[in-house]
Amino acid sequence: MLAALEQFAPLPLQESYDNAGLQVGLTDVEVSGALLCLDVNEQIIDEAIAKGCNLVIAHHPLIFHKLSCVSDFDYVQRTVMKALKHEITIIAMHTNLDNAQDGVNYKMAEKIGMHDVCFLGQSRKYEDISFGSGIIGNLPNPMTAKEFINLLKDVFKVECVQCNQLLKRNIEKVALCGGAGSFLLDDAIAAGADAFITGEMHYHEYFGHEQQIQIAVIGHYQSEQYTTEIFKAILEREGCDFPCYFADTNTNPILYL
């Protein structure tokens, strides 16, 4: 399964700071079931155990920074210990999947019906594979800023969208980057996008773009929630003969009260 995932989104596509790939466990064991999730914590391992899964495929790496020890000091170490105890393998497909063709950003675009989608700005190359950190494309039909925001609230199941001043012209060309994508705002503007969607932005980044571009920030977890559908499609194409489950555990640490 690891080979199929890495064929879709090769590890060299990941950013230099990342730690995608095998996190915990063995790759040559027979898979009893796969739990597909965004993050890995102790509750996810408990769910995997309950569902008879010995494989967890996540978007965000459990082990992002070097571990100096493995004990009960924090949730990362406790999760590693629990996974090892129950012989559960953990794989993460992070920025390599963000950057891949038909990866996380393409899935977001698919959900809102975008077409003519391509990488935002200058794409990069690994061997003969093009990849990039964001994408740009067109909505099926032009819509007002209010209609656009309501579309995002409906598709990504969010109660609110953080926006700058609502654009007074229609929105048709949209750039986006799931997760923490504010570093691509200037690229979106340079590419002539009417709107830019991402998961999180800093306060001061909203200033100075009134009526230039519609900023729409929908939450990090919310922007990437459909990543598990990509995992499932890869496994199904591989012809896996074991059950695959979308995790029921909501790992979003941010509460909206």
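See the structure printed just above.
Residues numbered from 1 in each chain as written. Predicted model: local features only at pLDDT ≥ 70, side-chain atom pairs only at ≥ 80, totals over all residues. Heavy atoms only, no water.

(A) Examining the overall build of the protein more closely. Within the protein, the regular secondary structure consists of 9 helices and 13 strands. Taken against the 2.2 N^0.38 rule, which gives 18 Å for 257 residues, the C-alpha radius of gyration of the protein at 19 Å falls within 12% of a compact globule. If one aligns the C-alpha atoms of the protein with their principal axes, the spans along those axes are about 55 × 45 × 35 Å. Residues counted as buried form 51% of the 257 residues belonging to the protein. Pairs at least 24 apart in sequence give 64% of the contacts found in the protein among residues at least 6 apart. Summed over all atoms, the accessible surface of the protein reaches about 12600 Å², with 51% contributed by carbon and sulfur. Here the protein contributes 17 positively and 34 negatively charged side chains, and the mean placements of these two sets differ by 4 Å. (Helix = DSSP H or I, 4+ residues; strand = E, 2+ residues; numbered from the N terminus. Rg over C-alpha atoms; globule rule 2.2 N^0.38 Å. Buried < 20%, exposed > 50% of the residue type's maximum accessible area, 1.4 Å probe, protein only. Contact = heavy atoms within 4.5 Å. Areas by Shrake-Rupley, 256 points an atom, 1.4 Å probe, with all protein chains shown as cover. Lys, Arg positive; Asp, Glu negative; His and termini not counted. Charge placed at Lys NZ, Arg CZ, Asp CG, Glu CD.)

(B) Broad picture of the sheet that holds strand E8 (residues 135–143). Strand order in the open sheet formed by 6 strands is E5-E8-E10-E11-E12-E9, and the pairing between neighbours is mixed. Here the strands that pair on one side only, and so sit at the sheet edges, are strand E5 (115–119) and strand E9 (162–163). Bridging between strand E10 (residues 171–177) and strand E11 (residues 195–198) involves 4 bridges; their strand directions are parallel. Paired with Cys177 across the two strands is Thr198, which belongs to E11. (Pairing = 2+ DSSP bridges.)

(C) Representation of the pattern of salt bridges. Evaluation of the coordinates by the stated rule reveals 10 salt bridges. Across the salt bridge formed by Lys51 and Asp248, the nearest N and O atoms sit 2.9 Å from each other. Of this pair, Lys51 sits in the loop between helix H2 (42–50) and strand E3 (55–58) while Asp248 sits in the segment after strand E13 (244–246); the two residues are 197 residues apart in sequence, bridging distant segments of the chain. A residue is classified by how much of its surface remains accessible, and Lys51, at 25% relative accessible area, is partly exposed. Asp248 gets classed as exposed once you look at its relative accessible area, which sits at 63%. Close ionic contact of Glu236 with Lys232 constitutes a salt bridge, the shortest N to O distance being 2.5 Å. Pair noted here: Glu236 and Lys232 are both in helix H9 (residues 227–237), with a separation of 4 residues, about one helical turn. (Salt bridge = Lys/Arg side-chain N within 4 Å of Asp/Glu carboxyl O.)

(D) Inspection of the nonpolar core at higher detail. The biggest cluster of nonpolar side chains holds 26 residues, and the ones touching the most others in it are Phe148, Leu152, Phe156 and Ile197. Only helix H5 (104–111), E8, helix H6 (145–155), E10 and E11 provide two or more residues apiece to this core. Per-element accounting of this core gives the leading share, 5 residues, to H6. Each residue touching Phe148, except ones within four places of it in the same chain, is listed here: Leu139, Met143, Ile171, Val174, Ala195, Ile197 and Ala216. Membership of the second largest hydrophobic core comes to 21 residues, among which are Leu13, Ile57, Met93 and Val104. (Core = buried A, V, L, I, M, F, W, Y, C linked by side-chain atoms within 4.5 Å.)

(E) Main features of unusual backbone geometry. Residues other than glycine seldom take positive phi values, yet Asp116 does so here, at roughly 50°. Locating Asp116 in the fold gives a position in strand E5. Non-glycine residue Gln211 carries a positive phi angle of around 65°. With respect to the secondary-structure elements, Gln211 resides in the loop between E11 and strand E12 (214–217).

(F) The side chain of Asn41, seen in detail. Of note, Asn41 is situated in the loop between strand E2 (34–37) and H2. By relative accessible area, Asn41 is classed as buried at 16%. Of the polar contacts made by the side chain of Asn41, one reaches the backbone nitrogen of Ile44; its length is 3.0 Å. Contacts of Asn41, omitting those with residues within four sequence positions, involve Tyr75, Thr79 and Thr251. (Polar contact = N/O pair within 3.5 Å; in protein donor to acceptor, adjacent residues only side chain to side chain.)

(G) The packing of aromatic side chains, seen in detail. Summed over all chains, the structure comprises 4 aromatic pairs. Between Tyr17 and Phe64, the aromatic rings sit 6.4 Å apart at their centres with planes inclined by 50°, giving tilted as the arrangement. Taken as a pair, Tyr17 in the loop between helix H1 (2–8) and strand E1 (21–24) and Phe64 in the loop between E3 and helix H3 (75–85) lie far apart in primary sequence, 47 residues in all. Judged by relative accessible area, Phe64 falls into the partly exposed class, the value being 31%. Pairing Tyr203 with Phe207 gives two aromatic rings, centres 5.4 Å apart and planes at 80°, and the pair type is edge-to-face. Classification of Tyr203 by relative accessible area gives exposed; the value is 59%. Overall, Phe207 belongs to the partly exposed group, its relative accessible area being 49%. (Phe/Tyr/Trp six-rings, centres within 6.5 Å; stacked < 30°, edge-to-face > 60°.)

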